[in-house]
Amino acid sequence: MSQFKSVKASKVVISELMLPSHTNFSGKIHGGYILSLLDQIAFACASKFSGHYCVTASVDTVDFLAPIEVGELVTMKASVNYVGKTSMIVGIRVEAENIQTGKIKHCNSSYFTMVAKDENGNNASVPGLLLSTDDEIRRFYNCVKLIANKKEKQNHEETFDYKSEEALANLSKYNVELKNSN
């Protein structure tokens, strides 16, 4: 008998004030710091949903949409959007709030593929996903498309002949110069 859990059962929200120690050389919050927080919330979300510790299998998408400033309150909202047999795709939305004005901006959207592990480190089965809203169905199908695009990219890399006469001639369309290394 298959067990199902709602998307709501997977939801995790964290907020953190951005400090000067989190900045990069331009004075904005360092993307690497945000990535670290994203990985933590993806782990928490997937582990909460699956009932197992989880590992990051891939970071499928990280779109930095707006810079985050020192002093802003960053809130990350995560939920499981797709499940396979042992894996889950966690969608994460990052918002930054100016605590003086109350203005909120969408700064980042990310998708992490997480795999559940049992106590011996083997892949563990995850519950099915109970979809309840149009938004949950949309997010699920967006993940189906993400998986299809990933497979298409892998297939392209395996079958594309980058040394063919046509492929080499096509390089003239790009800002590259072909230097013969022979």
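**Student:** Quick rundown of helix α1 (residues 31-50)? Include the residues and the values.
**Tutor:** Along its 20 residues, α1 runs 28 Å from first to last C-alpha, staying within 8% of the 28 Å computed at 1.5 Å per residue. Every buried residue of α1 is accounted for by Ile34, Leu37, Leu38, Ile41, Ala42, Cys45, Ala46, Ser47, Phe49 and Ser50. Of the residues one or two after α1, Gly51 is the one with positive phi, at around 80°.

**Student:** Please set out the packing of aromatic side chains residue by residue, giving values where relevant.
**Tutor:** The tally for this structure, following the rule as stated, stands at 3 aromatic pairs. Ring geometry for Phe43 versus Tyr53: centroids 6.0 Å apart, planes at 10°, classification stacked. Of this pair, Phe43 sits in helix α1 while Tyr53 sits in strand β3 (residues 53-64), placing them 10 residues apart in sequence. Given a relative accessible area of 31%, Phe43 falls into the partly exposed group. Assessed through its relative accessible area of 64%, Tyr53 is described here as exposed. Taking the centre distance of 5.8 Å and the plane angle of 80° together, the rings of Phe140 and Tyr141 count as edge-to-face. Here Tyr141 falls in the exposed class, since its relative accessible area comes to 54%. The structure contains a cluster of three or more aromatic residues connected by ring pairs, namely Tyr82, Phe140 and Tyr141. A cation over a ring is seen here: Lys5 above Phe49, with NZ or CZ 5.9 Å from the ring centre.

Criteria and cut-off values
Here the residue numbers are simple positions, counted from 1 along each chain's written sequence. The predicted nature of this model means local features are confined to residues of pLDDT at least 70 and side-chain atom pairs, given and counted, to a pLDDT of 80 or more, with totals for whole chains, interfaces and linings taken over all residues. Note that the side-chain values use all heavy atoms of the structure and ignore hydrogens as well as water. Helix numbering and strand numbering both begin at the N terminus, where a helix is a DSSP run of H or I of at least 4 residues and a strand a DSSP run of E of at least 2. Here, expected helix span is obtained from the residue count minus one, scaled by 1.5 Å. Here the term buried applies to any residue with accessible area under 20% of the maximum for its type, exposed to any over 50%, and partly exposed to those in between, with areas from a 1.4 Å probe on protein chains only. In this scheme Phe, Tyr and Trp rings, the latter by its six-membered ring, pair at centre separations within 6.5 Å, and the angle between planes marks the pair as stacked below 30 degrees, edge-to-face above 60, and tilted otherwise. The criterion for a charge sitting over a ring is simple: Lys NZ or Arg CZ within 6 Å of the ring centre, and within 35 degrees of the ring normal.

Purely spatial values, then, with no claim about function.
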